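As a plain string of letters, each chain reads:
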Amino acid sequence: MSFYIAGTGMYVPERIVTNDELATMVDTNDEWIKQRVGISERRISTDEWTSEMAYKAALCALENADCKPEDLDYILTASVSAECVSPSTACMVQNLLGATCPALEVNAACSAFLFLLETAAGLFARKRAKKILVVGAERLSGILDWSDRSTCIIFGDGAGAAVLSCEKDNYLDSVVTVHGGDDVIKIPHFIGCSPFFTKENDSPYIHMQGQETFKYAVNAMCGDITAILEQNHLTLDDISYIVPHQANKRIIDFAAKRLKTSEEKFYVNIEHYGNTSSASVPIALDELNRSGRLKRGDYIILCAFGGGLANAACLLRW
Ligand code: UT7
């Protein structure tokens, strides 16, 4: 027993920050960002916490699935930029929705939405749930060093959600990989002020080795998509859409080229939102769902990579 995606939702803050506006803050320009990353603008929160964006995306997904908060059996969220370590974003969303089910958070950075689906699949398999809400939500603007042009131009804020329901077994397969280590991507926590602790840490912002991450990302995406296809005796011709993590348009183009498929097979919206980490796949999925381009029965692949290092992909029947 697995699940199908009964509804999707998203929320992004109103404030749009263009490349030109960023160019007034750091030494960058619109042309470089568009050419090297594929981003024109991103949404930045001015007055909403991560949990509030998560709640709004959740409401949107619940409405799309025609599901009430009281019908939920679990709420699973993911974030690397929550306003609190505790309560988790999941508990905050449960409270805001007025739901009563258990709620917990998963940390797997940009791949987290895939890890949420895998976690949910376990709960469905144990027959612990009929309906599960999954949400990826980020206020990455709060953990960016706004003087570092190699990171502050890439990321954006937002939330994406989905309601999973047990009536159909449409979560068909997955691959999940972790290469643990903090040398390529790292977001250190505030280390506190213990008078007994002697170690130091980097500043509590996103630190990323861009080119290392880029190479890892292309290899991870191509490897995971190939594995999913081979495991299920499918080819890319059988897949209607691939919904990838939106980290850099050039990563997607490289992957398309290496997989010998058209870029049109990939749903891409990075131009408008930048990289929203755990929210990026569910935001893209919601846009694709609402565009009317998916038909029930279509095969789609979701895939993501990022901090951990963690990467994952899954095969879904829509
Ligand atoms: O979601 C988590 C996973 N994250 C990712 O997948 C990100 C993967 N990495 C990337 O997307 C890219 O590596 C970046 C967008 C981060 C950087 O792009 P790049 O093409 O790898 O640039 P680079 O670091 O090789 O830098 C090339 C040049 C350098 O100048 P010189 O040394 O050639 O003179 C940089 O100083 O571009 C310069 N540069 C910039 N110029 C204008 C770096 N950042 C900027 C900038 N504006 N914002």
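Calculation criteria
- Residues numbered from 1 in each chain as written.
- Predicted model: local features only at pLDDT ≥ 70, side-chain atom pairs only at ≥ 80, totals over all residues.
- Heavy atoms only, no water.
- Helix = DSSP H or I, 4+ residues; strand = E, 2+ residues; numbered from the N terminus.
- Rg over C-alpha atoms; globule rule 2.2 N^0.38 Å.
- Contact = heavy atoms within 4.5 Å.
- Pairing = 2+ DSSP bridges.
- Axes fitted to C-alpha atoms, helices over the stretch in contact; angles between N-to-C directions.
- Buried < 20%, exposed > 50% of the residue type's maximum accessible area, 1.4 Å probe, protein only.
- Near = heavy atom within 4 Å.
- Polar contact = N/O pair within 3.5 Å; in protein donor to acceptor, adjacent residues only side chain to side chain.
- Areas by Shrake-Rupley, 256 points an atom, 1.4 Å probe, with all protein chains shown as cover.
- Nonpolar A, V, L, I, M, F, W, Y, C, P; charged D, E, K, R; others polar.
- Expected span 1.5 Å × (residues − 1).
- Core = buried A, V, L, I, M, F, W, Y, C linked by side-chain atoms within 4.5 Å.

## Overview of the overall build of the chain
Helix and strand counts for the chain come out as ten helices and 13 strands. Taking 20 Å as the expected radius of gyration for a compact globule of 318 residues, we find that the chain reaches 19 Å, a close match to that expectation. Taken along its principal axes, the extent of the C-alpha atoms in the chain is 50 × 45 × 40 Å. Taking contacts inside the chain between residues at least 6 apart in sequence as the whole, the part at least 24 apart equals 77%.

## A closer look at the sheet that holds strand S8 (residues 171-178)
Judged by pairing direction, the sheet is mixed, and its four strands sit side by side in the order S8-S13-S12-S11 without closing on themselves. The open sheet has two edge strands, S8 and strand S11 (239-244), and neither has a second partner. Ignoring which end each strand starts from, the neighbouring axes of this sheet average 10° apart. In this sheet, strand S13 (residues 310-317) lies alongside strand S12 (residues 299-306) in antiparallel orientation, the contact comprising eight bridges. Considered in S13, the bridge of Cys 303 is made with Ala 313. Contacts from helix H5 (residues 112-125) reach S8, S12 and S13 within the one sheet, and its direction differs from that of S8 by about 125°. Against the sheet, helix H7 (residues 210-231) touches S8, S11, S12 and S13, its axis set at about 150° to S12.

## What about the pairing of strand S7 (residues 158-165)?
Along any regular strand, the residues point their side chains to alternate faces of the sheet. Across the eight residues that make up S7, a large majority, eight, are buried. Side chains Gly 158, Gly 160, Ala 162 and Leu 164 project from S7 onto one buried face, and the interleaved Ala 159, Ala 161, Val 163 and Ser 165 project onto a second face that is buried too. Where strand S1 (residues 4-11) and S7 come together, seven bridges link them in antiparallel fashion. Bridging across to S7, Tyr 11 finds its partner in Ala 159.

## As for the sheet that holds strand S6 (residues 131-138)
The mixed open sheet is built from five strands, whose spatial order is S1-S7-S6-S4-S5. In this open sheet, the two strands that pair with only one neighbour each are S1 and strand S5 (103-106). The average undirected angle you get between the axes of adjacent strands in this sheet is 20°. Docked against the sheet, helix H3 (residues 50-65) engages S1, S6 and S7, running at close to 135° with respect to S1.

## Focus on the site of the ligand
Lining the immediate surroundings of the ligand are 22 residues, of which Thr 28, Arg 36, Gln 211, Asn 248 and Asn 275 lie closest. Within the side chain of Arg 36, one N or O atom sits 2.7 Å away from an oxygen atom of the ligand. Between the ligand and Arg 149, the relevant distance is 2.7 Å, taken from an oxygen atom to a side-chain nitrogen or oxygen of the residue. Look at the ligand: alone it shows 960 Å² of surface, and the protein chains cover 73% of it. Counting only elements with at least two residues in the shell around the ligand, the list comes to helix H2 (30-36), helix H6 (149-152), H7 and helix H8 (249-258). Top element by residues in the shell around the ligand is H7. It accounts for four residues. Residue classes in the shell around the ligand are distributed as ten nonpolar, eight polar and four charged.

## Some points on H3
Helix length check: H3, at 16 residues, gives a terminal C-alpha distance of 22 Å against a target of 22 Å (1.5 Å per residue), a fit within 8%. Inspection of H3 places Thr 50, Ser 51, Met 53, Ala 54, Ala 57, Ala 58, Ala 61, Leu 62 and Ala 65 among the buried residues, and these make up the whole buried set. Summarising the contacts, the buried residues of H3 are in contact with S1, helix H4 (89-97), S6 and S7. Count one or two residues on from H3 and you reach Asp 66, which has phi positive near 55°.

## Description of the nonpolar core
Core analysis: the largest hydrophobic core is formed by 40 residues, its most contacted members being Phe 3, Leu 117, Ile 132, Val 134, Leu 164 and Leu 302. Those elements that place two or more of their residues in this core are strand S4 (74-78), H5, S6, S7, S11, helix H10 (280-290), S12 and S13. Looking at which element gives the most residues to this core, the answer is H5, with ten residues. When near neighbours in sequence (up to four residues on either side) are disregarded, Leu 117 contacts Phe 3, Val 134, Leu 164, Tyr 171, Leu 302 and Cys 314.

Purely spatial values, then, with no claim about function.
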